[in-house]
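Observations on the model geometry
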Amino acid sequence: MDLKFLASDRVEAFVSHLMQQKTVYAPQHTGKHSVALEKVDDPAAVILDYGRTMQSVKKFFLPPRDELLSFDLTDHSFTPAAVEPLDAILLGIHSYDRAAIDRLDYNFSQGHPEKNYLTRREGVVWVGVSFEPDEFHFSGSVGISPHETAGFDAFLTRVREGYLVEVLTDAGRELVSGFELPPAERPKPAPGHFHQHIFLPQAKLNEVMAASYNNEIWAEMAEKCVGCGSCNIVCPTCYCFNVEENVDITVTGGTRERIWDGCMLREFTEVAGGEVFRGGLAERQRHRVMRKFKYLSDKTGHPWCVGCGRCTAYCTAGISIVSIVNRCVSDFEERHTTAM
Amino acid sequence: MKLNESVSTQEPQDLYLPVMSEVLEVKRLTELETLYTVQLPGGRDLGHQPGQFVEVSVFGVGEAPFSISSSPTRQGVFELGIRRVGLLTEKLAELKPGDKVGIRGPFGHGIDLEKFKGKDVLIIAGGIGLVPMRSLINYVLDRRDEFGRLIICYGSRSDQELLFTDEIAAWQEDPDVDFHVTVDRGSPQWEGKVGVITTLIPGLDLDLDRTVCCVCGPPVMYRFVLLALKSRGLPDEAIYMSLERRMKCGVGKCGHCQINHSYVCQDGPVYHYPDLKSLEEAL
């Protein structure tokens, strides 16, 4: 691997170089402590050393509000919404968020491939950056290293004096061409250590979760959970949506939009007539966690949780997904030890 | 396995655009239920299987899944039996012949007719569950030689709420149909059976070796019907069940209809009962 070096004092120039090629989206401060992925206007505003953004890159391909069509109530005709490829450079993306996009790609490509999402996905050049695991990250437990380069065109690994640059694809080569990067004088360092761990290899989790369906943890979490759906809304692999009609004030037309929805909300499974199929918070917590660690992983062989820590970091009730899974693991192991 | 190895190679599609279709007839079935006859542009065939559903929408109001009530043997138009229970269905109740509705579909896994052919077909429908089952009933009646006996058990809350009363009268007359009906509460005029639907099952004349059964009704009905069928000795493999969920997109994307690992809009709404046993949330 050809490893180059980008000195800290040249990062701004590097961002400018990227901006000359395509629109760049990168992490920037939106408040004193909050960092969000936004369009870059000022290369100096880009922050490559950050914990996590509240929203992942999902928002670019599956926007929180996404118009599907506009309708005319006078003649009941409709016009499909125009959907454009993002066609941009996504800079400073963490490995778990790139892994989450693989999962969304799967969802929107399998069975009936969906034009809206797949069109937006086109033309993206991915530039990753390593991260230093904080008190919430646990992607190492689901097989995603802070240095994982899969899916990226180029990857920046943070070292004291700047970044080591790996060019991984032709698109990545094109991106850095014309910008002088000297060869790195040292190899890639070892990734940072995680402070949060699931105490079982990912391959064995399916078995544990299958045996945890009736665990008391779900009822215990229901005591704490307020059912606000924040965990769904910040999750980079949650893709569920609802469809709504918005009628103009003139009542002559409007739009049909899909909006993010969450399985933690009571209305999520409600059908006409009032039947709610997952009425209890315990069932909803179980569904959320099982979806990440069992239902979708059984289908695809990959956990649907990428260990970003968002659902825990932003939980309004202090619920930790790592604690839930570890409780399932320890109860499982205890039962098996007792059985022997 | 890599995630992208299992994805479809089909071209991406516009999945959420409705086909504007004409309402040809509107027929009141009861105070709450209406039967709509709908035609796709150019009289195009819907191409559905009994048990499948379509997404019906009215601009400015919304879109929801409804099961198809007509048999695919009757081509050119299709029928939807819809109960007035919410905003969209109230709006649908105002439709007149000539009005347009948006249609997407057909969606879902319907009844596997190959498994039913040559067999005695037992249909257990509770309340509005008769709407999708009518598709299967009329399919069997239209292709009578391909099936054995047709046995129908229909339960309704009251005799005023009975659906398709003229067709029921015809099924009762038809010597080729073994039809049973009961109501939970009968009016003074009601001369038929009174009791829940499970009371019909012990008295049925069944050839257990050649019977397949399809059950559709309100969620509360399934456990009791299953118990009654089991006590008659009908094997689990002979039982199919149609489930209701909130299929918002119909194409396995929106997540609303998920029951454990299964998406009702993809694996259902008609499930083979042995497959349902691994879905703890199904009933």
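Residues numbered from 1 in each chain as written. Chains lettered and ligands numbered in written order. Predicted model: local features only at pLDDT ≥ 70, side-chain atom pairs only at ≥ 80, totals over all residues.

Section: the packing of helix α7 (residues 217–224) of chain A against helix α9 (residues 281–300) of chain A
Residue and element names in this part refer to chain A. Following both chains from N to C, one finds α7 and α9 inclined at 110°, their axes separated by 8 Å at the closest point. Judged by the angle between their axes, α7 and α9 are roughly perpendicular. With respect to the hand of their crossing, α7 and α9 are arranged in right-handed fashion. Each of Trp218, Ala219, Met221 and Ala222 in α7 lies in contact with α9, whose residues at this interface are Leu281, Ala282, Gln285 and Arg286. Of the residues contributing to the contact of α7 with α9, the split by class is 6 nonpolar, 1 polar and 1 charged. (Axes fitted to C-alpha atoms, helices over the stretch in contact; angles between N-to-C directions. Helix = DSSP H or I, 4+ residues; strand = E, 2+ residues; numbered from the N terminus. Parallel < 35°, antiparallel > 145°, perpendicular 65-115°, else oblique. Left-handed = near helix turned anticlockwise from the far one by under 90°. Contact = placed C-beta atoms within 7 Å. Nonpolar A, V, L, I, M, F, W, Y, C, P; charged D, E, K, R; others polar.)

Remarks on the interface of chain B and chain A
Each partner contributes residues to the interface: chain B has 41 residues there, and chain A has 46 residues. Split into classes, the residues belonging to the side of chain B that touches chain A amount to 15 nonpolar, 15 polar and 11 charged.

Description of the nonpolar core
Among the nonpolar cores identified, the biggest contains 164 residues, and Val127 of chain A together with Ile123, Cys213 and Tyr240 of chain B are the most heavily contacted of them. By residue number, the principal contributor to this core is helix α3 (residues 130–142) of chain B, which donates 7 residues. Among residues more than four places away in sequence, those in contact with Ile123 of chain B are Met133, Leu136, Ile137, Ile152, Cys153 and Cys214 of chain B. (Core = buried A, V, L, I, M, F, W, Y, C linked by C-beta atoms within 7 Å. Buried ≥ 20, exposed ≤ 12 C-beta atoms within 10 Å, placed from the backbone.)

Description of α3 of chain B
All names here are of chain B. Across its 13 residues, α3 extends 17 Å between first and last C-alpha, which sits within 8% of the 18 Å expected from 1.5 Å per residue. The buried count for α3 comes to 10 of 13 residues, which makes it a mostly enclosed element. Listing the buried residues of α3 in full gives Leu130, Val131, Pro132, Met133, Arg134, Ser135, Leu136, Ile137, Tyr139 and Val140. Those residues of α3 that are buried are in contact with β4 (62–67), β5 (78–83), β7 (120–126), β8 (150–158), β11 (211–216) and β12 (239–242). (Expected span 1.5 Å × (residues − 1).)

Quick notes on the sheet that holds strand β2 (residues 33–39) of chain B
Neighbouring strands of a sheet are bound in pairs by backbone hydrogen bonds; such pairs are parallel or else antiparallel. Residues and elements named next belong to chain B. The antiparallel open sheet is built from 6 strands, whose spatial order is β4-β3-β6-β1-β2-β5. A single partner strand is all that each edge strand has here, and the edge strands are β4 and β5. Between one strand axis and the next, the sheet turns by 40° as a mean value, whatever way the strands run. Sheet topology note: the strand β3 (residues 53–58)/β4 ladder contains 6 bridges and is antiparallel. Note that in β4 the partner of Val56 across the bridge is Ala64. (Pairing = 2+ DSSP bridges.)

Quick word on the pairing of strand β3 (residues 35–39) of chain A
Consecutive residues of a regular strand have side chains that alternate between opposite faces of the sheet. Residues and elements named next belong to chain A. Judged from the 5 bridges that link them, strand β2 (residues 23–29) and β3 form a sheet pairing that is antiparallel. When the bridges of β3 are listed, Tyr25 appears paired with Lys39. Where β2 folds back onto β3 in an antiparallel hairpin, the turn is made up of 5 residues.

Focus on the domain arrangement of chain B
All names here are of chain B. Domain parsing of chain B yields domain 1 (19–107) and domain 2 (113–242). Between domain 1 and domain 2, the residue contacts involve 16 residues of the former and 16 residues of the latter. Its residues assigned to classes, the side of domain 1 that touches domain 2 shows 4 nonpolar, 9 polar and 3 charged. (Domains from an automatic or database assignment.)

Topic: the confidence of the model for chain B
On average, residues of chain B score 95 in pLDDT, and 97% of them reach the 70 mark or higher. Predicted complex metrics record ipTM = 0.92 and pTM = 0.94. (pLDDT = per-residue confidence, 0-100.)

Topic: the domain arrangement of chain A
All names here are of chain A. Per the domain assignment, the segments making up chain A are domain 1 (3–61 + 83–176) and domain 2 (202–252 + 262–339). If you average the C-alpha positions of domain 1 and of domain 2, the two centres end up 26 Å apart. With 22 residues of domain 1 at the contact, the number on the domain 2 side is 19 residues. The element best represented in the side of domain 1 that touches domain 2 is helix α3 (residues 95–109), accounting for 8 residues.

With respect to the sheet that holds strand β10 (residues 193–194) of chain B
Residues and elements named next belong to chain B. Pairing in this open sheet of 7 strands is mixed, and the strands run β10-β9-β8-β7-β11-β12-β15 from one edge to the other. If you trace the sheet from one side to the other, it starts and ends with β10 and β15 (270–272), each paired once. Note that β7 and β8 share 6 bridges and pair parallel. Directly across from Ile123, in β8, lies its bridge partner Ile152. Relative to the sheet, α3 contacts β7, β8, β11 and β12, its axis offset from that of β7 by approximately 160°.

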